[in-house]
Amino acid sequence: MDEALLRSLIPGVLAVLVRRGADFAAAEDAVQDALVEAIRAWPGDPPRDPKGWLVTVAWRRFLDATRSEATRRRREDLVDAEPEPGSAPAVDDTLQLYFLCAHPSLTPSSAVALTLRAVGGLTTRQIAQAYLVPEATMAQRISRAKRTVAGVRFDQPGDVATVLRVLYLVFNEGYSGDVDLAAEAIRLTRRLAAAIDHPEVAGLLALMLLHHARRAARTAPDGSLVPLAEQDRGRWDTAAIAEGIAILQAALARDQLGEFQAQAAVAALHADAPTAEETDWVQIVEWYDELVRLTASPVVRLNRAVAVGEADGARAGLAALAELDDSLPRYTAVAAYLHERDGDPATAARLYAEAARKASNAAERDHLTRQAARLNARRGP
Amino acid sequence: MAKYLLLKHYRGAPAAVNDVPMDRWTPEEVSAHIQYMNDFAAKLEGTGEFVDGQALAPEGVWVRYDGEGRPPVTDGPFAETKDLIAGWMVIDVDSYERAVELAGQLSAAPGAGGEPIHEWLEVRPFLTEPPTITE
């Protein structure tokens, strides 16, 4: 039994049922029943068309489960309301699932959980382990999410930006256990990119590939952070970098710049530099200028200040930093770095220690503490 | 999507509004208090926000390394002032505001006279893994 194949079929089967008018939660239950049946029946009698087999069995289960008169009437109304098959362009049904799972009525954590379950086909246990919460809690989170979207019909296209934000949240989650969430986000975004022609989908996929390519070099064997400039570039995944850059270039050629494409462009410039010293900081600053124009995000402006510090010197970086709110996350760490480059280790050490106290994750806290200790040891007691 | 520790302290926090020691409550008041905590945990499991929770005994000791083969155990020098953790709950929520809101609800657990204790709870964020995108 090929479990990966089975998993990849789930979203399509689920989408067909929901498209035929099945309530989302009931459809999900029916698909799970069909999977159990498949695991039992397939080894002895493999179907010629696995997806068709699953749709047939799941639909029969759904009908069995909703056999009462009232629900049948409602179902028939839904089927009646369904447009006739015909000239409508052939779209991947699973695209609708992405929109449903990223519905604006869901909280971010619910949207993420539902996407991993319905589109990714992961089990509740796998999702719970990835997010380090008990399985019962995750089961409730998913079933609440299913109830929230129970009444939503597939008759209007959703917002691509919302779907992208959910996939970005999955990617940015650092945990890795039975399921690697970064790899899972790439898999889902890849499928979305195959189903929908949208430059920002391509931009997000490129961004994920370019960051994922550097993953092996981002941490030392003891788990400590390795800053970009000190990473062993020989450990970067050149195939992923090449693919990310190709996808990005095709997207940029369409001249509909968006946030993810611009972020990917910055990542591509880092990935393209043979050594840290050869990084094209001037072009990176230009991309940050685009990002500031697109998002006006203070976090982007903070990153821009770092790039300005590299392109035009630490003084220019500090000047760019001075325009920002010092309560921003990582503001103090950036200030420490720029003061050190400006030749003021005493201020830098004090700021590194302060930044370590404010850090939100252990690897970053330890890294910043080491920076403070390094400067203090050099200066003596 | 962010985990917080809600800490209940025996001592060390400012006094609660309804500050009557638990051993002066009626048995029914004690039961109502425990029921409130259990219901609160069950409600959070239902909303998909519960991670873990335990109550702790007040007997804690301080331990330190004191040379090979001699781990000294002491109740001092902090016997009068040391903070004691009465229990904790770990939640996994979408925002800091939600964490504070839930801590407020937990602080409303009933105590003496069936009235809310209004005790102080400490809300501490967990350190996490670094995000994948940092630059």
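Residues numbered from 1 in each chain as written. Chains lettered and ligands numbered in written order. Predicted model: local features only at pLDDT ≥ 70, side-chain atom pairs only at ≥ 80, totals over all residues. Heavy atoms only, no water.

K.L.:
Can you lay out the overall build of chain A for me, pointing to particular residues and giving the numbers?
P.N.:
When helices and strands are counted, chain A shows 20 helices and zero strands. In terms of principal-axis extent, the alpha carbons of chain A reach across some 80 × 45 × 35 Å. For chain A, with 381 residues in total, the buried portion stands at 48%. In chain A, the proportion of contacts linking residues at least 24 apart, taken out of those at least 6 apart, comes to 61%. Accessible area of chain A: about 18,500 Å², with a carbon and sulfur share of 52%. One way to put it: in chain A the 44 positive side-chain charges average out to a point 5 Å from where the 52 negative ones average out. (Helix = DSSP H or I, 4+ residues; strand = E, 2+ residues; numbered from the N terminus. Buried < 20%, exposed > 50% of the residue type's maximum accessible area, 1.4 Å probe, protein only. Contact = heavy atoms within 4.5 Å. Areas by Shrake-Rupley, 256 points an atom, 1.4 Å probe, with all protein chains shown as cover. Lys, Arg positive; Asp, Glu negative; His and termini not counted. Charge placed at Lys NZ, Arg CZ, Asp CG, Glu CD.)

K.L.:
Break down the pairing of strand β5 (residues 85–93) of chain B for me, citing the residues and quoting the values.
P.N.:
Residues and elements named next belong to chain B. Buried residues dominate β5, accounting for seven of its nine residues. Relative to β5, strand β1 (residues 2–9) runs antiparallel, the two being bridged by eight bridges. Paired with Y4 across the bridge in β5 is I91. Here strand β2 (residues 50–55) runs beside β5; their pairing, made up of five bridges, is antiparallel. Bridge pairing links D52 to V90 in β5. (Pairing = 2+ DSSP bridges.)

K.L.:
Run through the sheet that holds strand β6 (residues 121–125) of chain B, naming residues and quoting values.
P.N.:
All names here are of chain B. One open sheet holds the four strands; their spatial order is β2-β5-β1-β6, and the pairing between them is antiparallel. Strand pairing shows two members of the sheet lacking a second neighbour, β2 and β6, which therefore form its edges. Strand after strand, the sheet turns through a mean of 15 degrees between neighbouring axes, direction not considered. Lying over the sheet, helix α1 (residues 27–46) contacts β1, β2 and β5, oriented at roughly 20 degrees with respect to β5. (Axes fitted to C-alpha atoms, helices over the stretch in contact; angles between N-to-C directions.)

K.L.:
Please give an account of the pattern of salt bridges that cites residues and values.
P.N.:
Counted under the stated rule, the structure contains 25 salt bridges over all chains. Its salt-bridge partner being R7(A), residue E184(A) comes within 3.2 Å of it at the nearest N-O pair. Of this pair, E184(A) sits in helix α10 (residues 181–195) while R7(A) is found in helix α1 (residues 3–19), placing the two residues 177 residues apart along the sequence. A salt bridge links R24(B) to D23(B), with the shortest nitrogen-to-oxygen separation between them at 3.9 Å. Grouping residues by exposure puts R24(B) and D23(B) together as exposed. Look at the salt bridges and you will find they share partners, linking R7(A), E184(A) and R187(A) into a network. (Salt bridge = Lys/Arg side-chain N within 4 Å of Asp/Glu carboxyl O.)

K.L.:
Tell me what's going on with the interface of chain B and chain A, and back it up with residues and numbers.
P.N.:
Note on interface size: it is often stated as the accessible area lost on association of the parts. Tallying the contact residues gives 21 residues for chain B and 36 residues for chain A. With both chains or domains summed, chain B and chain A bury close to 2,600 Å², and 53% of this area falls on carbon and sulfur atoms. Taken together, chain B and chain A are joined by one salt bridge. Across the salt bridge formed by R141(A) and D92(B), the nearest N and O atoms sit 3.1 Å from each other. Inspection of the region where chain B meets chain A yields nine residue pairs in polar contact (both at pLDDT 80 or more). Elements represented by at least two residues in the side of chain B that touches chain A include exactly α1 and β2 of chain B. Looking at the side of chain B that touches chain A, its residues break down into eight nonpolar, six polar and seven charged. (Buried area = accessible area lost by both parts, 1.4 Å probe. Polar contact = N/O pair within 3.5 Å; in protein donor to acceptor, adjacent residues only side chain to side chain. Nonpolar A, V, L, I, M, F, W, Y, C, P; charged D, E, K, R; others polar.)

K.L.:
Give me the confidence of the model for chain B: which residues, what numbers.
P.N.:
Per-residue confidence for chain B averages 88 on the pLDDT scale, and 93% of its residues sit at or above 70. The complex model carries a pTM of 0.84, and its ipTM stands at 0.80. (pLDDT = per-residue confidence, 0-100.)

K.L.:
Describe a nonpolar patch on the surface, naming the residues involved and giving the relevant values.
P.N.:
Residues and elements named next belong to chain B. A cluster of nonpolar side chains, namely V61, V63 and V73, defines an oily patch on the protein surface of about 280 Å² accessible area. Within the secondary structure layout, V73 lies in strand β4 (residues 73–74). For V73, a relative accessible area of 54% translates into the label exposed. (Patch = residues over 30% accessible without salt bridge, like charges linked within 9 Å, V, L, I, M, F, W, Y side chains within 5 Å.)

K.L.:
Let's hear about helix α13 (residues 238–252) of chain A: which residues, and what values?
P.N.:
Residue and element names in this part refer to chain A. An ideal rise of 1.5 Å per residue puts 21 Å on 15 residues; α13 measures up with 21 Å between its terminal C-alpha atoms. For α13, the complete set of buried residues consists of A240, I241, G244, I245, I247, L248 and A251. The arc that holds every buried residue of α13, seen down its axis, measures 165 degrees, which confines them to one face. Summarising the geometry of α13, the exposed residues directed more than 90 degrees from the buried face are T238, A239 and Q249. Those residues of α13 that are buried lie in contact with α11 (199–213) and α14 (259–272). Of the residues flanking the start of α13, the one acting as N-cap is D237, its side-chain oxygen 3.1 Å from the backbone nitrogen of A239. (Expected span 1.5 Å × (residues − 1). Arc of directions from axis to C-beta.)

K.L.:
Before we move on, can you summarise the packing of aromatic side chains with the specific residues and values?
P.N.:
Residue and element names in this part refer to chain A. Under the defined criterion, the tally for this structure stands at four aromatic pairs over all chains. On the basis of an interplanar angle of 75 degrees and a centroid distance of 5.3 Å, the ring pair of W42 and W53 is categorised as edge-to-face. You can see W42 sitting in the loop between α2 (24–41) and α3 (50–65) and its partner W53 sitting in helix α3, a full 11 residues away along the chain. Classification of W53 as partly exposed rests on a relative accessible area of 23%. An angle of 55 degrees between the planes, with centres 5.3 Å apart, marks the rings of Y168 and F260 as tilted. Of this pair, Y168 sits in helix α9 (residues 160–172) while F260 sits in helix α14, and the two are 92 residues apart along the sequence. (Phe/Tyr/Trp six-rings, centres within 6.5 Å; stacked < 30°, edge-to-face > 60°.)

K.L.:
Lay out the packing of helix α6 (residues 108–119) of chain A against helix α8 (residues 135–148) of chain A with the relevant residues and their values.
P.N.:
Residues and elements named next belong to chain A. It is the contact of α6 with α8, at a shortest axis distance of 9 Å, that shows an interaxial angle of 95 degrees. Taken together, the axes of α6 and α8 lie roughly perpendicular to each other. Across from S109, S110, A113, L114 and R117 in α6, the residues of α8 making contact are M138, R141, I142, A145 and K146. Split into classes, the residues belonging to the contact of α6 with α8 amount to five nonpolar, two polar and three charged. (Parallel < 35°, antiparallel > 145°, perpendicular 65-115°, else oblique.)

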